[in-house]
Amino acid sequence: METEKFKLKITFLCVLLVVLVSVPYFGIPEYALSVFIAVFIYCSLCVSWNVVGGYTGYLSFGHAAFFGFGAYVSALLYTHTGMPPYGAILLAGIFSSILATGIGYPCLKVKGPYFAVVTFATVPMLKIMFENLEFTGGVQGIFIKSSFNTPTIYLMTLCLMVLSALMAVLIEKSAIGIGFTSIREDEDAAETIGINTSKIKTLAFALSAFFPGMVGGVFSFYKLYINPSTVFSEEMSILIVLFSLFGGTMRWIGPIIGASILVTIDRVLHIYSGIIIDWLEYLPYFKKVFPYFSSGILASVLFGLILILVIIFMPKGILGWLEKIELERLKKRTSGRD
Amino acid sequence: MLLEVRSVTKKFGGLIAISNFSFVLEKGIMTSLIGPNGAGKTTLFNIINGIYPPTSGSIIFDGKDITGLKPNKIARSGIGRTFQTPRLFNEFTTLKNVISAAIYGGGIRDIREAKKRGIELLDFVGLEKKKDVLAKNLLATEKKYLELARALAIRPKLLLLDELFAGLGESDTSNAINLLFKIKNDMGITIFMIEHNIKAVMKISEKVIVIHHGEKIAEGVPKDVAQNPEVIKAYLGEEYA
Ligand SMILES: Nc1ncnc2c1ncn2[C@@H]1O[C@H](COP(=O)(O)OP(=O)(O)OP(=O)(O)O)[C@@H](O)[C@H]1O
Ligand SMILES: [Mg+2]
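About the criteria used
- Residues numbered from 1 in each chain as written.
- Chains lettered and ligands numbered in written order.
- Predicted model: local features only at pLDDT ≥ 70, side-chain atom pairs only at ≥ 80, totals over all residues.
- Heavy atoms only, no water.
- Helix = DSSP H or I, 4+ residues; strand = E, 2+ residues; numbered from the N terminus.
- Rg over C-alpha atoms; globule rule 2.2 N^0.38 Å.
- Buried < 20%, exposed > 50% of the residue type's maximum accessible area, 1.4 Å probe, protein only.
- Contact = heavy atoms within 4.5 Å.
- Lys, Arg positive; Asp, Glu negative; His and termini not counted.
- Charge placed at Lys NZ, Arg CZ, Asp CG, Glu CD.
- Salt bridge = Lys/Arg side-chain N within 4 Å of Asp/Glu carboxyl O.
- Domains from an automatic or database assignment.
- Buried area = accessible area lost by both parts, 1.4 Å probe.
- Polar contact = N/O pair within 3.5 Å; in protein donor to acceptor, adjacent residues only side chain to side chain.
- Donors = N, O, S within 2.8 Å, 3.2 Å for Na, K, Ca; no water.
- Near = heavy atom within 4 Å.
- Areas by Shrake-Rupley, 256 points an atom, 1.4 Å probe, with all protein chains shown as cover.
- Nonpolar A, V, L, I, M, F, W, Y, C, P; charged D, E, K, R; others polar.
- pLDDT = per-residue confidence, 0-100.

## Quick word on the overall build of chain B
Thinking step 1. Regarding its fold elements, chain B presents 9 helices and 10 strands.
Thinking step 2. Here the C-alpha radius of gyration of chain B, 18 Å, is about what a compact globule of 241 residues would show, namely 18 Å.
Thinking step 3. For the C-alpha atoms alone, the extent of chain B along its principal axes is close to 55 × 40 × 35 Å.
Thinking step 4. When the 241 residues of chain B are sorted by exposure, 52% land in the buried category.
Thinking step 5. Sequence-distant contacts in chain B: of pairs separated by 6 or more residues, those separated by 24 or more amount to 66%.
Thinking step 6. Between the centroid of the 34 positive side chains of chain B and the centroid of its 26 negative side chains there is a distance of 7 Å.

## Overview of the pattern of salt bridges
Residues and elements named next belong to chain B.
Thinking step 1. By the definition in use, this model includes 22 salt bridges over all chains.
Thinking step 2. One salt bridge connects Lys157 with Asp62, and the closest N-O pair in it is separated by 3.0 Å. One end of the pair, Lys157, is in the loop between helix H5 (140–152) and strand S7 (158–162); the other, Asp62, is in the loop between strand S4 (56–61) and strand S5 (64–65), and 95 residues separate them in sequence.
Thinking step 3. The salt bridge involving Glu219 is made with Lys207; its shortest N-O contact spans 3.1 Å. One end of the pair, Glu219, is in strand S10 (residues 215–220); the other, Lys207, is in strand S9 (residues 207–212), and 12 residues separate them in sequence.
Thinking step 4. Take Glu219: its relative accessible area is 35%, and that puts it in the partly exposed class.
Thinking step 5. Looking at Lys207, the relative accessible area reads 15%, which means it is buried.

## Observations regarding the domain arrangement of chain B
How big an interface is tends to be reported as the loss of accessible area on association of its parts.
Residues and elements named next belong to chain B.
Thinking step 1. When its domains are assigned, chain B resolves into domain 1 (3–78 + 156–240) and domain 2 (90–155).
Thinking step 2. Relative placement of domain 1 and domain 2: their C-alpha centres are 24 Å apart.
Thinking step 3. Each partner contributes to the interface: domain 1 provides 19 residues, whereas domain 2 provides 12 residues.
Thinking step 4. Taken together, both faces of the contact between domain 1 and domain 2 bury some 1300 Å²; the carbon and sulfur share is 73%.
Thinking step 5. Across the contact surface, domain 1 and domain 2 share 0 salt bridges.
Thinking step 6. Applying the counting rule to domain 1 against domain 2 returns 3 residue pairs in polar contact (both at pLDDT 80 or more).
Thinking step 7. Those elements that provide at least two residues to the side of domain 1 that touches domain 2 are helix H2 (71–77), S7 and helix H6 (170–185).
Thinking step 8. Counting residues per element, the side of domain 1 that touches domain 2 draws most heavily on H6, which supplies 6 residues.

## Some points on the coordination of the magnesium ion (ligand 2)
Residue and element names in this part refer to chain B.
Thinking step 1. Of the protein atoms, only Thr42 (OG1) and Gln84 (OE1) coordinate the magnesium ion (ligand 2), at distances of 1.9 to 2.2 Å. In this pair, Thr42 is assigned in helix H1 (residues 41–48) and Gln84 in the loop between strand S6 (79–81) and helix H3 (94–104), connecting sequence segments 42 residues apart.
Thinking step 2. According to the relative accessible area criterion, Gln84 is partly exposed, its value standing at 36%.

## Things to note about the interface of chain A and chain B
Thinking step 1. Contact residues are listed per partner, giving 25 residues for chain A and 26 residues for chain B.
Thinking step 2. Summed over both sides, the interface between chain A and chain B buries roughly 2000 Å², with carbon and sulfur atoms accounting for 63% of that surface.
Thinking step 3. Of all residues in chain A, A:Ile178, A:Thr192 and A:Ile193 bury the most surface against chain B, accounting for 33% of the area lost on that side.
Thinking step 4. Remark: the boundary between chain A and chain B carries 3 salt bridges.
Thinking step 5. As a salt-bridge pair, B:Arg87 and A:Asp186 come within 2.8 Å of each other at their nearest N and O atoms.
Thinking step 6. Elements represented by at least two residues in the side of chain A that touches chain B include exactly helix H8 (175–185), helix H9 (187–192) and helix H10 (197–223) of chain A.
Thinking step 7. A total of 8 residues in the side of chain A that touches chain B trace back to one element, the largest contributor, which is H8(A).

## Topic: the site of ligand 1
Residue and element names in this part refer to chain B.
Thinking step 1. Around ligand 1 sit 14 residues in total, of which Gly38, Lys41, Thr42, Thr43 and Gln84 are the nearest.
Thinking step 2. Between an oxygen atom of ligand 1 and a side-chain N or O atom of Lys41, the distance comes to 2.8 Å.
Thinking step 3. A distance of 2.7 Å is found between an oxygen atom of ligand 1 and a side-chain nitrogen or oxygen belonging to Thr42.
Thinking step 4. In isolation ligand 1 has 640 Å² of accessible area, and contact with the protein removes 64% of it.
Thinking step 5. Of all the secondary structure elements, the ones that give two or more residues to the shell around ligand 1 are strand S2 (15–25) and H1.
Thinking step 6. Among the elements that line the shell around ligand 1, the one with the most residues is H1, at 3 residues.
Thinking step 7. Residue classes in the shell around ligand 1 are distributed as 5 nonpolar, 7 polar and 2 charged.

## As for the environment of B:Pro222
Residues and elements named next belong to chain B.
Thinking step 1. Checked against the element boundaries, Pro222 lands in helix H8 (residues 222–227).
Thinking step 2. For Pro222, a relative accessible area of 11% puts it in the buried group.
Thinking step 3. On a C-alpha basis, the gap between Pro222 and Arg81 in space is 23 Å, while along the polypeptide they are 141 residues apart.
Thinking step 4. Once you skip the residues sitting within four places of it in the chain, Pro222 turns out to touch Met202, Ser205, Glu206, Lys207 and Val208.

## What to know about the confidence of the model for chain B
Residue and element names in this part refer to chain B.
Thinking step 1. For chain B, the mean per-residue pLDDT works out to 91, and 98% of the residues sit at or above 70.
Thinking step 2. When mean pLDDT is compared element by element in chain B, H3 scores highest at 96, while helix H9 (residues 229–236) scores lowest at 78.
Thinking step 3. Across the interfaces of the predicted complex, the ipTM metric reaches 0.91, alongside a pTM of 0.91.

Below is the structure:
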């Protein structure tokens, strides 16, 4: 029965993958593809973030740093050394992991809110650094002369999402995953059974930065122009955490569910913002109270609300909620049998 | 000689929790550490297994100086422990708790092998039927057994047990005592335990060390220690001496 379920799951995922791969060939409009790309990007970021944030329980509030850093690495390698794009993107991932090792080793010595704060600081730190560097173009940033079309970018980000999810699955099934999660459960106890926690936490952090670096690398070829304030975004750091917590951090699928739902909502809000705002303006006094209302504000308000509701009602995210339902169903069935 | 603690002192700010403490543990000799509440027993364990580095003094284990090493190194060099209040991986199943220790501390890299070892150990402590239950859902006494199994999974030479019998009923206590004898005789593991249950201490230990206010006040075979006036004074208070 277990294997039946497993086969079903694999089949479903394969079919889904085939459908996703063929989407760009259906002549779908560009803006729809861009929604998919945003979903893939955030799925990739969140499922990677979860390696450290979910498995080891160290909530990194600075994962946008690796995205931004990767964007710069690939843009610089491509424009300055003439390296082919795929090589530049791969190196963006590798350099990003190296940066994470450097950041992670000292930061992972502190826990909880302290860790959240020090990691949060990495994004503004890198932003300021890149604003002041000569060869990265300072605040002006870099133009990337390349011509990947949107369907290609779509396939690249889809590929990164699949690979990062695969990495998460492999981690969950391996001894390394047991090491990571034991840290979340009880770090001191993990040490007393022989787990070198500082080494293994740093490893988790480095792995969690790899795909964000590559995603940033693709982003440069997608937008063809990057500057410090667009790629080093504190908001992105927070959204990564929010999406993952919303989906649930216990397993790889959680962050994917969370990011897929919330990014789609965000994009749809943007697309239909005109209509929604027209409706809202029928409300008495709406225009007086919110004279500068926009779709961005609408999404922020909504995300803030979701965050509050999730923390109160679904502390383990959608995954935890589904699990609870499943558990209650099983209980009912077994009690019905007696 | 398996473990030698050489004039170890531990200060927490102004508080001297352990003061110039020395003793040795011989291989295979079941030794107990007793003392009133707050005497410094758990602190001494925390120093031996590396959770706290000592303020001064040194610790020699199996011929090697382990002073100041991280707990994970000390664990892998062969010292296992349990905690006064169990510190399990609550969201793991019972089996996975033991597997994690078998992999990391026990050096079994293959997950299937680690699983086999885990089941053996759960069988040993009598928890094989609970292997798929989440650790948080175990009964209090089962948690104690699981911690014991997890500590054994690292293949220790020395096992530090912090109040293993606390909260166990009559039958569980005698069951646990049997396990300890098996651990000692069949697995060849030396046991050093903190114990409040004096009856159990007298019954199974070959040597007793008494700590009071962070100092060693007596050491010897159980019946000598029980008659030591310093010890009686420490346990019953000044006026009874
Ligand atoms: N991390 C710490 N920081 C400050 N003081 C501590 C710390 N750990 C222990 N102490 C103090 O050291 C002393 C010894 O505590 P310890 O826990 O070792 O006692 P114990 O003998 O195990 O007592 P019990 O029988 O109650 O378990 C106590 O006064 C305690 O408050
Ligand atoms: Mg104690």
